[in-house]
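Chain by chain, the residues:
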Amino acid sequence: MRKILGLTLLAVAMLGVSTASAQKFARINLQEIVIAMPEFEEAQKNLEAFGKDLNEQMEQIQVEFNNKLADFQKNQATMAASIKQMKQQELEQLEQRFGEFQQIAQQDFQKKEAELLEPVQKKAQDAVNKISKANGYIAVFNTSVPSLAYFDEAQLTDIAALVKKELGIVEKPAAAPAK
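All figures in this text were calculated on a predicted structure; none of them were measured in a lab. (Residues numbered from 1 in each chain as written. Predicted model: local features only at pLDDT ≥ 70, side-chain atom pairs only at ≥ 80, totals over all residues. Heavy atoms only, no water.)

**Considering the overall build of the protein chain**
Moving on, step 1. Check the secondary structure of the protein chain and you find five helices and three strands.
Moving on, step 2. The helix and strand sequence of the protein chain, counted from the amino end, reads α-β-α-α-α-β-β-α.
Moving on, step 3. With 179 residues in all, the protein chain has 21% of them scored as buried.
Moving on, step 4. Approximately 13400 Å² of the protein chain is accessible, and the part contributed by carbon and sulfur atoms is 56%. (Helix = DSSP H or I, 4+ residues; strand = E, 2+ residues; numbered from the N terminus. Buried < 20%, exposed > 50% of the residue type's maximum accessible area, 1.4 Å probe, protein only. Areas by Shrake-Rupley, 256 points an atom, 1.4 Å probe, with all protein chains shown as cover.)

See the structure below:
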């Protein structure tokens with residue numbers, strides 16, 4: 001009975017070793033993939049245009065403030081006290097409005113960035129999932145976000161080329177050196 005139990009434990013241990021060695025792990029720099037996607041370039045252009053619009057609106061408020069401030073500084077010596085106080089309050093309100101607009105613009109920009117980039121990142125992640133499943137990888141490590149204390153990159157298959165092919169990303173040739 002002891003012999004059978006010993007052989008069974010040995011068989012289970014051998015099975016565990018062979019199963020562990022059959023597991024496949026891979027790595028990918030997902031940020032590199034996302035940046036190489038044509039959709040990312042389009043999202044960046046849209047984001048730049050959105051940012052430019054916000055900046056133009058902020059500049060308009062700034063110009064309005066500067067004009068009113070210059071007018072106030074130029075004419076304050078001849079203003080009645082009540083008019084002077086009203087102009088100062090108006091400048092303070094405009095300055096406050098500008099600060100609030102800056103905060104709202106920053107939040108809007110961040111929302112727009114997430115709105116534009118989320119579908120691109122999802123498409124890249126879906127391609128990684130598809131390639132990983134098709135090639136039998138049980139884990140794929142994203143090297144663009146170092147979350148592991150250590151891993152041997154040489155022991156992990158880099159699936160970037162497969163994912164790029166899945167996404168239809170064509171590598172751009174490197175620019176020729178200037179003569």
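**Let's talk about helix 4 (residues 81-134)**
Moving on, step 1. With 54 residues, helix 4 ought to run about 80 Å at 1.5 Å a step, and its terminal C-alpha atoms sit 79 Å apart, in line with that.
Moving on, step 2. The largest bend in helix 4 comes to about 35 degrees, at Leu117, with the proline Pro119 one to four residues further on.
Moving on, step 3. Count one or two residues on from helix 4 and you reach Gly136, which has phi positive near 75 degrees. (Expected span 1.5 Å × (residues − 1). Bend = angle between axes of the 7 residues up to and from the residue.)

**Overview of the nonpolar core**
Moving on, step 1. Core analysis: the largest hydrophobic core is formed by 22 residues, its most contacted members being Ile28, Ile33, Met37, Ala124, Ile159, Val163 and Leu167.
Moving on, step 2. For this core, the secondary structure elements donating two or more residues are strand 1 (24-28), helix 2 (30-36), helix 3 (38-75), helix 4 and helix 5 (160-167).
Moving on, step 3. Top element by residues in this core is helix 4. It accounts for seven residues.
Moving on, step 4. Once residues lying within four places of it in the same chain are set aside, the contact partners of Ile33 are Ile28, Ala124, Ala160, Val163, Lys164, Leu167 and Ile169. (Core = buried A, V, L, I, M, F, W, Y, C linked by side-chain atoms within 4.5 Å. Contact = heavy atoms within 4.5 Å.)

**So, the pattern of salt bridges**
Moving on, step 1. Under the definition given, this model contains 10 salt bridges.
Moving on, step 2. In this structure, Glu115 and Lys112 form a salt bridge, with 3.5 Å as the shortest nitrogen-oxygen distance. Here the residue Glu115 and the residue Lys112 both occupy positions in helix 4, the gap between them amounting to three residues, near one helical turn.
Moving on, step 3. The partly exposed category is assigned to Lys112, whose relative accessible area is 24%.
Moving on, step 4. The shortest N-O distance in the salt bridge between Asp126 and Lys122 comes to 3.0 Å. Of this pair, Asp126 and Lys122 both sit in helix 4, separated by four residues, roughly a single helical turn.
Moving on, step 5. Taking the relative accessible area as the measure of exposure, Asp126 reaches 39% and is therefore partly exposed. (Salt bridge = Lys/Arg side-chain N within 4 Å of Asp/Glu carboxyl O.)

**With respect to the packing of helix 4 against helix 5**
Axis angle and axis distance: for two packed helices, these are the angle between their axes and the distance between the axes, and together they describe the pair.
Moving on, step 1. Where helix 4 contacts helix 5, the two axes come as close as 9 Å, and the packing angle between them is 120 degrees. When the axis of helix 4 is compared with that of helix 5, the two are oblique. In the packing of helix 4 onto helix 5, the handedness of the crossing is right-handed. Contacts between helix 4 and helix 5 involve Lys123, Ala124, Ala127, Val128, Lys130 and Ile131 from the first element and Leu162, Val163, Glu166 and Leu167 from the second.
Moving on, step 2. Of the residues contributing to the contact of helix 4 with helix 5, the split by class is seven nonpolar, no polar and three charged. (Axes fitted to C-alpha atoms, helices over the stretch in contact; angles between N-to-C directions. Parallel < 35°, antiparallel > 145°, perpendicular 65-115°, else oblique. Left-handed = near helix turned anticlockwise from the far one by under 90°. Nonpolar A, V, L, I, M, F, W, Y, C, P; charged D, E, K, R; others polar.)

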